[in-house]
Amino acid sequence: KAGVTQTPRYLIKTRGQQVTLSCSPISGHRSVSWYQQTPGQGLQFLFEYFSETQRNKGNFPGRFSGRQFSNSRSEMNVSTLELGDSALYLCASSWRLAGEETQYFGPGTRLLVL
Amino acid sequence: AQSVTQLGSHVSVSEGALVLLRCNYSSSVPPYLFWYVQYPNQGLQLLLKYTTGATLVKGINGFEAEFKKSETSFHLTKPSAHMSDAAEYFCAVSEKGGSEKLVFGKGTKLTVNP
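What comes next is a walk through the structure.

Conventions adopted
- Position numbers for residues count from 1 along each chain, tracking the sequence in the order it is written.
- Chain A is the first chain written and ligand 1 is the first ligand written, with later ones labelled in order.
- Reporting of local features is limited, given that this is a predicted model, to residues whose pLDDT is at least 70; pairs of side-chain atoms are given and counted only at 80 or more, and all residues count toward the totals for whole chains, interfaces and linings.
- Note: side-chain values were computed over all heavy atoms of the structure, leaving out hydrogens and water.
- When two cysteine sulfur atoms lie within 2.5 Å, the pair is treated as a disulfide.
- Secondary structure elements follow DSSP: runs of H or I no shorter than four residues count as helices, runs of E no shorter than two count as strands, and numbering proceeds from the N terminus.
- The classification of residues rests on relative accessible area computed with a 1.4 Å probe and restricted to protein chains. Under 20% of the type maximum is buried, over 50% is exposed, and intermediate values are partly exposed.
- Residues enter a patch when their relative accessible area is above 30% and they make no salt bridge; the linking distance is 9 Å between like charges and 5 Å between nonpolar side chains (Val, Leu, Ile, Met, Phe, Trp, Tyr).
- Note on areas: Shrake-Rupley with a 1.4 Å probe; residue coverage comes only from the protein chains shown.
- Between Lys or Arg on one side and Asp or Glu on the other, a salt bridge is scored when a side-chain nitrogen of the former is within 4 Å of a carboxyl oxygen of the latter.
- By the convention used here, residues are in contact when the closest approach between their heavy atoms is within 4.5 Å.
- Here the quantity called buried area is the accessible surface, traced with a 1.4 Å probe, that two parts lose on coming together, added over both.
- As used in this structure description, the phrase polar contact means that two N or O atoms lie within 3.5 Å; if the pair is within protein, one of them must be able to donate a hydrogen and the other to accept it, and residues adjacent in sequence are counted only when both atoms belong to side chains.

**Some remarks on the state of the cysteines**
Residues and elements named next belong to chain A.
Now for step 1: Counted under the stated rule, the structure contains two disulfides over all chains.
Now for step 2: Two residues, Cys23 and Cys91, share a disulfide whose sulfurs are 1.7 Å apart. An S-S torsion of about -55° defines the bridge between Cys23 and Cys91 as left-handed. With Cys23 in strand E3 (residues 19-24) and Cys91 in strand E9 (residues 87-94), the pair connects residues that are 68 residues apart, well separated along the chain.
Now for step 3: Assessed through its relative accessible area of 0%, Cys23 is described here as buried.

Printed below as a string of structure tokens:
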């Protein structure tokens, strides 16, 4: 079974631009979560989507948004990029069923903001 | 709120020696506990998890961890380190029956010396 895929793997943007990252979950998984990883702050939860609805949201500004499609694929968008948004963005998927709470991670998208 | 503390941001062991990575958690509700490993320029790979049942859990690559409720700990061990174990290890907690949001520790970078 194919794992979680994320595109693109690497991205360079300049301050003020916006960016969209894509995540395709493991087949059958209906929950997709996004995390930001930086050397200073570590791994931080951004948001979770389940059945096209945002279920949980982390403590990030409104410039960070996401959505989920009917096929469970998810995108996250960051508008008005800042230098501090440079990070590895990780997507994780799960069944979101009792007894199957494990999240499986993709390889990440490394974003560099100049 | 949940939190995770990993003692030691860097751990160095000799090949063949015992690996012990420490994790303590704080949770107001029964937790699910996870260990993930991250190799350079990759995403997170699940090593093992505790959700319910047996408190000693075995994972991939010879790793195991024991959930100790009284000590609020979930330390990761491996009897004999291998060069290929060199990576960064993350302990994470989520709420049993609640949000699937993972709260991560800051990570421990494991170095294995020949």
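Now that the structure has been shown, the text picks up again.
**Some thoughts on unusual backbone geometry**
Residues and elements named next belong to chain A.
Now for step 1: A cis amide bond, omega -10°, links Thr7 with the succeeding residue Pro8.
Now for step 2: Within the element layout of this structure, Pro8 appears in the loop between strand E1 (5-7) and strand E2 (10-13).
Now for step 3: In this model, Glu52 sits at a positive phi of 70°, which is unusual for a non-glycine residue.
Now for step 4: Here Glu52 lies in the loop between strand E5 (42-50) and strand E6 (53-57).

**Description of a nonpolar patch on the surface**
Residues and elements named next belong to chain A.
Now for step 1: Nonpolar side chains collect at one region of the surface, where Ile12, Leu112 and Leu114 lie side by side and expose about 300 Å² of accessible area between them.
Now for step 2: As for its position among the elements, Leu112 is in strand E11 (residues 109-113).
Now for step 3: The partly exposed category is assigned to Leu112, whose relative accessible area is 38%.

**Here we look at the interface of chain A and chain B**
Now for step 1: Counting from both sides, the interface comprises 24 residues of chain A and, opposite them, 19 residues of chain B.
Now for step 2: Considering only the surface of chain A that becomes buried against chain B, Leu43, Glu101 and Phe105 of chain A emerge as the three largest contributors, covering 32% of it.
Now for step 3: If you look at where chain A meets chain B, you find zero salt bridges.
Now for step 4: Counting the contacts that link chain A with chain B gives five residue pairs in polar contact (both at pLDDT 80 or more).
Now for step 5: Mapped by element, the contributors of at least two residues to the side of chain A that touches chain B are strand E4 (31-38), E5 and E9 of chain A.

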